[in-house]
Amino acid sequence: MPDKQYYVDRALQLGADHAVLFTLEEIVFDPRTILKCMFGCADWGKGHTCPSRPGSLKPWEYQKIFAAYSWGVIIHSTDKKKSQEVSFAIEREAFLDGYYFALSLSDCALCAECAGFRGQPCVHPKKARPAFHSVGIDVFRTVRQFGLPIQTLKDENQEQNWYSAVFIA
């Protein structure tokens, strides 16, 4: 299996603006993230990767599952689709390298409009993943530990920072 740094280097080769290794202890879980989803996101109740979808785990349930991981890679991009593409590619490589539980978390950008918004099944169920924040992770506190750029946007013209994570082992 490649060493951990390989996945950081690979994420950068694939176009990430930044990529850093993390340990599970550096991931900040906070169940309040679901409140921002429920009362701040227009996708609530529509998207297939949304925590509002039927059968979705709650943040505190995700935290128990992620406790079985020990490390992974955080991926930053100012392009939402690039963030997802890179994280999914890293997930796939790690899986093929023998990390069979590798899992990417990324705000979904696979379709121009989510089929869930039209009441239809997901078009890419094998690639769609929940967002880093929708599983109960405080993205702001987590990425600030690594000196990565993130701030609340004061207007819609500001550059957006998109974060994905791949939990590997």
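Residues numbered from 1 in each chain as written. Predicted model: local features only at pLDDT ≥ 70, side-chain atom pairs only at ≥ 80, totals over all residues. Heavy atoms only, no water.

Draft legend 1. Representation of the side chain of N161 in the model. In this fold, N161 is placed in the loop between α5 (139–144) and β4 (162–167). Side-chain polar atoms of N161 contact the side chain of H76, separated by 2.6 Å. Those residues in contact with N161 that lie beyond four places of it in its chain are H76, S77, T78, P149, I150 and Q151. (Helix = DSSP H or I, 4+ residues; strand = E, 2+ residues; numbered from the N terminus. Polar contact = N/O pair within 3.5 Å; in protein donor to acceptor, adjacent residues only side chain to side chain. Contact = heavy atoms within 4.5 Å.)

Draft legend 2. Structural detail: the sheet that holds strand β2 (residues 71–77). Taken together, 4 strands build an open sheet; the order of strands is β1-β2-β4-β3 and the sheet is antiparallel. The open sheet terminates on both sides in strands that have one partner only, identified here as β1 (18–23) and β3 (103–105). Taken over all neighbouring pairs, the strand axes of this sheet differ in orientation by 20° on average, direction set aside. Two strands pair when backbone bridges link them, and β3 and β4 are joined in this way by 3 bridges, in the antiparallel orientation. Across the sheet, residue S104 finds its bridge partner in β4, namely V166. Seen against the sheet, helix α4 (residues 80–96) touches β2, β3 and β4 and runs at an angle of roughly 10° to β4. (Pairing = 2+ DSSP bridges. Axes fitted to C-alpha atoms, helices over the stretch in contact; angles between N-to-C directions.)

Draft legend 3. Summary view of the nonpolar core. With 20 residues, the main nonpolar core has I74, F132 and F167 as its most contacted residues. For this core, the secondary-structure elements that each account for two or more residues are β1, α3 (59–66), α5 and β4. Per element, the largest residue contribution to this core is 3 residues, and it comes from β4. Counting residues in each nonpolar core, the second largest holds 15 residues, with Y7, I75, I90 and A102 among its members. (Core = buried A, V, L, I, M, F, W, Y, C linked by side-chain atoms within 4.5 Å. Buried < 20%, exposed > 50% of the residue type's maximum accessible area, 1.4 Å probe, protein only.)

Draft legend 4. Broad picture of α3. Within the sequence span of α3, burial applies to P59, Y62 and F66. In a view along the axis of α3, the buried residues occupy a sector of 55°, so they form one face of it. Contacts made by the buried residues of α3 are with α2 (33–40), β3 and β4. (Arc of directions from axis to C-beta.)

Draft legend 5. The side chain of E93, seen in detail. On the secondary structure map, E93 appears in helix α4. Reaching out from E93, the side chain makes a polar contact with the side chain of R10 at a distance of 2.6 Å. Discounting chain neighbours no more than four positions away, the residues touching E93 are Y6, Y7 and R10.

Draft legend 6. Spatial organisation of the packing of aromatic side chains. Under the definition given, this model contains 10 aromatic pairs. Where Y7 meets W71, the ring centres are 6.1 Å apart and the plane angle is 40°; that geometry is what we call tilted. Of this pair, Y7 sits in helix α1 (residues 4–13) while W71 sits in strand β2, placing them 64 residues apart in sequence. W71 shares its class with Y7; the two are buried. Judged by centre distance (6.1 Å) and plane angle (20°), the ring pair of Y62 and F66 falls under stacked. Here Y62 pairs with F66, and both are found in helix α3, just 4 residues apart, close to one helical turn. Judged on exposure class, the residue Y62 and its partner F66 are both buried. (Phe/Tyr/Trp six-rings, centres within 6.5 Å; stacked < 30°, edge-to-face > 60°.)

Draft legend 7. The arrangement of the pattern of salt bridges in detail. Within this structure, the stated rule accounts for 5 salt bridges. Taking the shortest distance from any N to any O, the salt bridge between R10 and E93 comes out at 2.6 Å. Within this pair, whereas R10 is found in helix α1, its partner E93 is found in helix α4, the two being separated by 83 residues in sequence. Taking relative accessible area as the criterion, E93 reaches 17% and is therefore assigned buried. Note that E85 is salt-bridged to K82, the shortest N-O span being 3.9 Å. One end of the pair is E85 and the other is K82, both in helix α4 and 3 residues apart, which spans about a single turn. Residue classification places E85 among the partly exposed residues on the basis of a relative accessible area of 41%. (Salt bridge = Lys/Arg side-chain N within 4 Å of Asp/Glu carboxyl O.)

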